[in-house]
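# Per-entry structural report
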Amino acid sequence: MGQRSYAISAILYMDPPYDERRLMQMAAQNSTLADLGWRPFFSAQLSAEEEERYTPVRVMAVHRGKIAVAGDAFEGMISSYMPESQGEEDRATVGDWLLIDPASGETMRVLERASLFKRRAPGDDRKLQLVAANVDTLFIVASCNQDFNIPRLVRYLVLAREVGVGPVVVLT
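Let us look at the structure shown here.

Reading the values: rules and limits
- Residues numbered from 1 in each chain as written.
- Predicted model: local features only at pLDDT ≥ 70, side-chain atom pairs only at ≥ 80, totals over all residues.
- Heavy atoms only, no water.
- Helix = DSSP H or I, 4+ residues; strand = E, 2+ residues; numbered from the N terminus.
- Buried < 20%, exposed > 50% of the residue type's maximum accessible area, 1.4 Å probe, protein only.
- Contact = heavy atoms within 4.5 Å.
- Expected span 1.5 Å × (residues − 1).
- Arc of directions from axis to C-beta.
- Polar contact = N/O pair within 3.5 Å; in protein donor to acceptor, adjacent residues only side chain to side chain.
- Core = buried A, V, L, I, M, F, W, Y, C linked by side-chain atoms within 4.5 Å.
- Salt bridge = Lys/Arg side-chain N within 4 Å of Asp/Glu carboxyl O.
- Pairing = 2+ DSSP bridges.
- Axes fitted to C-alpha atoms, helices over the stretch in contact; angles between N-to-C directions.

## Describing the overall build of the protein
- When its secondary structure is counted, the protein shows 5 helices and 9 strands.
- The N-to-C order of helical and strand elements in the protein reads α-α-α-α-β-β-β-β-β-β-β-β-α-β.
- For the protein, with 172 residues in total, the buried portion stands at 37%.
- Counted over contacts in the protein with a minimum sequence separation of 6, partners at least 24 positions apart contribute 57%.

Given below as structure tokens:
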């Protein structure tokens, strides 16, 4: 990823190497569901049985085989295995809300997303990459130096509109 698009992508997710301790400290400071972005849109998806048995958690980072999550009185790493996963979009990504079994840490399901940023991975197989989910606002940061590019800004504005997220353009 070039330096020009780094500022925009860094807002959506952290580039490796991940600082797991920093992620968990951020989650611990905002440990209530409301602080993590829980809204009526998500709670309406839970049945009475699910509310009793499972714990909702937010995906903070995705690694190979593990997902860093935070929730109300819960934070840690869980398996990235998704039961009943049928397609490329069924995997968890940063920003997703999951229902987990608090006793086993097993993921029961991914809640429906309010928004999803995705792209085709570069290369021959062109697999789908999930970038971020449940984003409310996209901050598009661009420098006004000689590399300033209006068509690039337009691409990001179109992406925000396609996903249904409000954009904010920050020119530096």
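Text resumes after the structure shown.
## Examining helix α5 (residues 150–163)
- Between the first and last C-alpha of α5 there are 20 Å, a value that for 14 residues agrees with the 20 Å anticipated at 1.5 Å per step.
- Of all the positions in α5, only Arg152, Leu153, Tyr156, Ala160 and Val163 are classed as buried. Seen end-on, α5 carries its buried residues on one side only, within an arc spanning 100°. Seen from the buried face of α5, the exposed residues on the opposite side, beyond 90 degrees, are Ile150, Pro151, Arg155, Arg161 and Glu162.
- Where α5 begins, the capping side chain belongs to Asn149, and its oxygen is found 2.9 Å from the backbone nitrogen of Arg152.

## A few points about the nonpolar core
- Judged by nonpolar contacts, the single largest core of 13 residues is most densely connected at Trp38, Phe42, Leu46, Trp97, Leu99 and Leu111.
- Elements that contribute at least two residues to this core include exactly β1 (55–62), β2 (66–71) and β4 (97–100).
- Apart from residues no more than four positions distant in its own chain, Trp38 is found in contact with Leu33, Ser43, Leu46, Pro56, Trp97 and Leu111.
- Counting residues in hydrophobic clusters, the runner-up holds 12 residues, among them Val131, Val135, Leu138 and Ala160.

## Quick notes on the pattern of salt bridges
- Counted under the stated rule, the structure contains 5 salt bridges.
- Notably, a salt bridge pairs Glu49 with Arg53, separated by 2.9 Å at the nearest N-O pair. On the criterion of helical spacing, the pair formed by Glu49 and Arg53 is a turn pair, its members being 4 residues apart in helix α4 (residues 48–53).
- For Arg109, the salt bridge is made with Glu50, and the minimal N-O distance between the two is 2.9 Å.

## Here's the deal with the sheet that holds β1
- An order of β3-β2-β1-β4-β5 is seen for the 5 strands of this open sheet, with the pairing classed as antiparallel. Each edge of the sheet is formed by a strand with only one pairing partner; in this case those strands are β3 (74–79) and β5 (107–110). Each strand of the sheet is rotated relative to its neighbour by a mean of 40°, with strand direction disregarded.
- Pairing analysis gives 3 bridges linking β4 to β5, with the strands arranged antiparallel. Each residue of the ladder has a partner; that of Leu98, found in β5, is Val110.

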